[in-house]
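# Survey of secondary and tertiary structure
Each chain, written out:
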Amino acid sequence: MTTTTDQTLGDLVTARPAAARILERHGLDYCCGGDRPLTEACDAAGVDVGDVVADLDELAPGDPEAWAALPPPGLAADIVATHHAYLHEELPLLDALADKVLRVHGDRHPELAEVRRLVAALAADLAPHLLKEERVLFPAIALLAEGHRDFPFGSIAAPITMMLAEHDRAGELLAALRAATGAYRPPADACASYRSLYERLDALEADTHLHVHKENNVLFPAVLRLAEA
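First, a word on what this report is: a plain description of the structure on this page. (Residues numbered from 1 in each chain as written. Predicted model: local features only at pLDDT ≥ 70, side-chain atom pairs only at ≥ 80, totals over all residues. Heavy atoms only, no water.)

Glancing now at the nonpolar core. Among soluble globular proteins, nonpolar side chains are generally buried collectively. Of all hydrophobic cores here, the largest spans 26 residues; its most connected members are Val115, Leu122, Leu177, Leu197 and Leu201. Per-element tally for this core: the top contributor is helix α6 (residues 111–145), with nine residues. Not counting residues up to four positions away in its chain, the partners in contact with Leu177 are Val115, Leu118, Val119, Leu122, Tyr184 and Leu201. (Core = buried A, V, L, I, M, F, W, Y, C linked by side-chain atoms within 4.5 Å. Buried < 20%, exposed > 50% of the residue type's maximum accessible area, 1.4 Å probe, protein only. Helix = DSSP H or I, 4+ residues; strand = E, 2+ residues; numbered from the N terminus. Contact = heavy atoms within 4.5 Å.)

Attention now goes to unusual backbone geometry. The residue Ala183 is not glycine, and still its phi comes out positive at about 60 degrees. Here Ala183 shows up in the loop between α7 (157–180) and α8 (192–228).

Another aspect to go through is the pattern of salt bridges. With the rule as written, the count across this model stands at 13 salt bridges. We note a salt bridge from Glu90 to Arg200, for which the minimum N-O separation is 2.8 Å. Placement of the pair is Glu90 in helix α5 (residues 72–105) and Arg200 in helix α8, with a sequence separation of 110 residues. What you see here is one network of salt bridges that share partners, running through Asp95, Asp99, Arg103 and Arg116. (Salt bridge = Lys/Arg side-chain N within 4 Å of Asp/Glu carboxyl O.)

Before going further, it helps to spend a moment on the side chain of Thr8. On the secondary structure map, Thr8 appears in the segment before α1 (9–15). Not counting residues up to four positions away in its chain, the partners in contact with Thr8 are Gly34, Asp35, Arg36, Pro37 and Leu38.

Turning our eyes to something else, we now look at the layout of surface pockets. There is about 340 Å³ of room inside the largest pocket. Elements that contribute at least two residues to the lining of the largest pocket include exactly α2 (19–25), α7 and α8. Counting residues per element, the lining of the largest pocket draws most heavily on α7, at eight residues. Split into classes, the residues belonging to the lining of the largest pocket amount to eight nonpolar, five polar and seven charged. (1 Å grid on protein atoms, 1.4 Å probe; cavity = no way out; pocket = protein on both sides within 12 Å on 5 of 7 lines; lining within 4 Å. Points joined across faces, edges and corners; volume = space filled by probe spheres on them. Nonpolar A, V, L, I, M, F, W, Y, C, P; charged D, E, K, R; others polar.)

The final tally for this structure, using the stated rule, is two aromatic pairs. Look at Tyr194 and Tyr198: their rings are 5.2 Å apart centre to centre, the planes differ by 75 degrees, and that puts the pair in the edge-to-face class. Separated by four residues within a single helix, Tyr194 and Tyr198 lie in helix α8, roughly one turn from each other. Pair check on accessibility: Tyr194 and Tyr198 agree, each one buried. (Phe/Tyr/Trp six-rings, centres within 6.5 Å; stacked < 30°, edge-to-face > 60°.)

Set out below in C-alpha cells:
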C-alpha cells in the first residue's frame, strides 16, 4: 500500500495497525494527535516525511482490525473488554511494583522517585476516567444508537470533550514516564523486578496509545456523526 502524506496519523494506524510502532519510533503521536495529516505532524516534530513514508511503505499489506468496522456501541464494548479490563488489573500492580523498585534501588537511581510519582499519577487519573466512560459515556452511546438524544448532561459532545482532555493528560504523563525511564531502558544493575517494571510500563504505553486512538480517532467521531444525523 502506498502512503500519501495527506493521510492522517489515525487513519494510517486504523488501516494498518503495524504503522503504530513506526510512527512511535519517529516520535509521532497517532493517538491524541491522530487527526493531523502525516506531513503536518512530521513538520511539527522535525522529522523527514520521506523517511516515514519509506518505512510505512515497507509494511506488508494488511486488513484493518475487526474493531475498526464495529458500530459505536460494539466498539465501546470492545474497548471495555480489551483495554479497560487490562488497565483495571495492571495499574494497581504497576503502582505497587514501582514502589517496591524505588525502595530497593532508589539510593542508586534517584530517577526512580519520579518514575514512582508518575506511575501513581497515571493510576490516579485513569481509574476514575475508566469509570466515567463505563458508567456515563458508553451507556449513553448505546442509547444514542437506539435513537435517544436527550441526556442528563446535555449533548453527548459534553462528556466526549471531557474524555479528550483527560486523554491529553494521560498522554503527557506517558511521555514524562518515557523520558524519566530513558525510553524504558533499565540500567545494567537492574534486578528482575526493575526490568519487569520497565517492560510492563512500555507495554502499558503501547496499549494506552492504541486505546486512545480507538476512542479519539474512531469511536468519538462516529458518535458525533451519529448525534448529528
